[in-house]
Amino acid sequence: LCLQVPELEKATVRIRQPERVREIIQSLREQGVAKLQVISDFDMTLSRFGCNGRRCPTSHNILDTSRVISEDGKKKLKDLLHYYYPIEIDPNRTLEEKCPLMVEWWTKAHELLVQQKIHKSDIAQIVRESEAMLRYGHGDAFFDQLHKNNVPLFIFSAGIGDILEEIIHQANVFYSNVNVVSNYMEFNDDGILTHFKGPLIHTYNKNNTVLQGTGYFQQLSTRTSIILLGDSMGDLTMADGVPSVENILKIGFLNDKVEERRGKYLDSYDIVLESDETLDVVNGILRYILTE
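Residues numbered from 1 in each chain as written. Predicted model: local features only at pLDDT ≥ 70, side-chain atom pairs only at ≥ 80, totals over all residues. Heavy atoms only, no water.

In the annotation of an unreviewed UniProt entry, the entry for the protein chain reads 5'-nucleotidase, and the organism field reads Chaetorhynchus papuensis. According to the UniProt record, the Sequence similarities (unreviewed entry) comment for the protein chain reads "Belongs to the pyrimidine 5'-nucleotidase family." (UniProt positions renumbered as here; feature names shortened; annotations may be inferred.)

Structure (C-alpha cells):
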C-alpha cells in the first residue's frame, strides 16, 4: 500500500493492523467517490496543535484569551481549564465519570463568556489576531480536493461554531460541501452575545444524541464509505448517526502525552499520527481513493 500511498511511510505513522488498514483503503477506493464522506473533528484535528514549540489555540482558547474578555474573565476561564482538562484526557477515568464533568465545564465556560457582552462584529478580528492555524496541507490538498470531487465534509466540533467557521472562511476554504455542527452563539438585536444555542456539544457526546433533528446523515444515506478524523477518544463516535456504514477508516491525531496514550489510540484508531502537524497522510489516502 505504501507504493500507492507513500505518505504511510512517514515516521509519524503508527498502525497496529496494517493488513486490515490496507483492506479498508482498498474498499474505499473500489466503492468510489460517490459513496465517500469525510467526518472530522475541528480543534487539534483540522487545526494545528502546536507551532515552533508553542501550543496553537482551540476555538474556545481564541475567544478566552482575546481582548474582548476581561482580566478577571480570563483568569476564571483558565482556572476551569486547569481543573477540567486533566479530567478530559485522563485515560483511567470512565466516560460515565467524565460526561457530567464535561457538561459542567462547558456550561460554566459558556456562562462566563455570556457575562463578557461579546459583540458579533468583533469575531472576525479576534480570529485574525489569534494564532489559530489549519494543519499543513489543508488548502489545495484537503478542502479543495473534497470540494472538487463533491465529497461532503462534516465537521463535528465541541468548540465554538462561530469561531471555527471564521477560521475556515479566512483560509478561503469554506466550500458548499462543508457542513458544521458545533456550539453556536446567539446574539441579540444589538449584536451582543446572550447565550449559546443548544444542544451542548462536549468532547464525549459527539454522536446521535446531539444530531437528532438535523437529519444530515439521512440526506447522505448513500454515502456509506467514511473517513473519520479525530484527536480524542470522544471523536470515535462521530459517525454513529450514519445509517449504514460499509467501510470506515478511523485516523487519529495523537498530539499530546504520546507515550502515555499510544496504546489506547492504537486500540481505537486504524491509523495513528503522532505529533504530526500536517494532513499529509489523509491527503495521500484521499488522492489514492479519488484518483481514477
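What follows picks up the thread again.
The subject of this paragraph is the overall build of the protein chain. Along its length, the protein chain carries eleven helices and eleven strands. Computed over its C-alpha atoms, the radius of gyration of the protein chain comes to 19 Å, within 12% of the 19 Å expected for a compact globule of 292 residues. Projected onto its principal axes, the C-alpha positions of the protein chain cover 55 × 40 × 35 Å. Out of the 292 residues belonging to the protein chain, those deemed buried represent 54%. Within the protein chain, counting contacts between residues at least 6 apart in sequence, those at least 24 apart form 72% of the total. Accessible area for the protein chain stands at about 13,300 Å²; split by element, carbon and sulfur atoms hold 49% of it. (Helix = DSSP H or I, 4+ residues; strand = E, 2+ residues; numbered from the N terminus. Rg over C-alpha atoms; globule rule 2.2 N^0.38 Å. Buried < 20%, exposed > 50% of the residue type's maximum accessible area, 1.4 Å probe, protein only. Contact = heavy atoms within 4.5 Å. Areas by Shrake-Rupley, 256 points an atom, 1.4 Å probe, with all protein chains shown as cover.)

Glancing now at helix α3 (residues 71-89). Here α3 contains 19 residues, and its C-alpha end-to-end distance of 27 Å stays within 8% of the 27 Å for a straight helix at 1.5 Å per residue. Buried-residue contacts for α3 involve α2 (59-64), α4 (95-115) and α10 (258-268). (Expected span 1.5 Å × (residues − 1).)

Splitting the protein chain by domain gives domain 1 (6-51 + 133-290) and domain 2 (56-129). The C-alpha-based centres of domain 1 and domain 2 are spaced at 22 Å. In this complex, domain 1 contributes 36 residues to the contact, which on the side of domain 2 involves 29 residues. Here domain 1 packs against domain 2, burying approximately 2,800 Å² in sum over the two surfaces, 70% of which is carbon and sulfur. For the interface between domain 1 and domain 2, the tally reads zero salt bridges. Connecting domain 1 to domain 2 are 13 residue pairs in polar contact (both at pLDDT 80 or more). Taken together, the elements giving at least two residues each to the side of domain 1 that touches domain 2 come down to β3 (50-51), β5 (153-160), α7 (161-170), β7 (185-187), β8 (193-196) and α10. Of the residues assigned to the side of domain 1 that touches domain 2, the class counts are 17 nonpolar, nine polar and ten charged. (Domains from an automatic or database assignment. Buried area = accessible area lost by both parts, 1.4 Å probe. Salt bridge = Lys/Arg side-chain N within 4 Å of Asp/Glu carboxyl O. Polar contact = N/O pair within 3.5 Å; in protein donor to acceptor, adjacent residues only side chain to side chain. Nonpolar A, V, L, I, M, F, W, Y, C, P; charged D, E, K, R; others polar.)

Turning our eyes to something else, we now look at the side chain of N205. When you line up the elements, N205 lands in the loop between β8 and α8 (208-211). Only 2.9 Å separates the side chain of N205 from the backbone oxygen of L200, close enough to count as a polar contact. At 2.8 Å, the side chain of N205 and the backbone nitrogen of H202 are in polar contact. In contact with N205, not counting residues within four places along its chain, are L200 and V210.

Chemically, a disulfide is nothing more than a covalent bond linking the sulfur atoms of two cysteines. Applying the stated rule across the entire model yields zero disulfides. Left unpaired, C56 is separated from the closest cysteine sulfur, that of C51, by 5.4 Å. (Disulfide = S-S within 2.5 Å.)

Now for the side chain of K206. With respect to the helices, strands and loops of the structure, K206 is situated in the loop between β8 and α8. A distance of 2.7 Å separates the side chain of K206 from the side chain of D41, its partner in a polar contact. In this structure K206 touches D41, F156, S157, A158, I201, G234, D235, T237 and M238, once residues within four positions along its chain are discounted.

One pass over the full model with this rule turns up 21 salt bridges. For D280, the salt bridge is made with K10, and the minimal N-O distance between the two is 3.1 Å. Of this pair, D280 sits in helix α11 (residues 280-290) while K10 sits in the segment before β1 (13-14), and the two are 270 residues apart along the sequence. Residue K10 is classed as partly exposed on the basis of its relative accessible area, which comes to 25%.

Residue alternation in strand β11 (residues 271-274) divides its side chains into two sets, I271 and L273 and V272 and E274, and both sets are buried. Across two bridges, β1 lies against β11 in antiparallel orientation. When the sheet's bridge partners are listed, R14 is paired in β11 with V272. Relative to β11, strand β10 (residues 247-254) is paired through four bridges, and the arrangement is parallel. Following the sheet pairing, G252 is matched in β11 by V272. Crossover connection from β10 via α10 to parallel β11: handedness right-handed. (Pairing = 2+ DSSP bridges. Right-handed = clockwise from strand over helix to strand, strands pointing away.)

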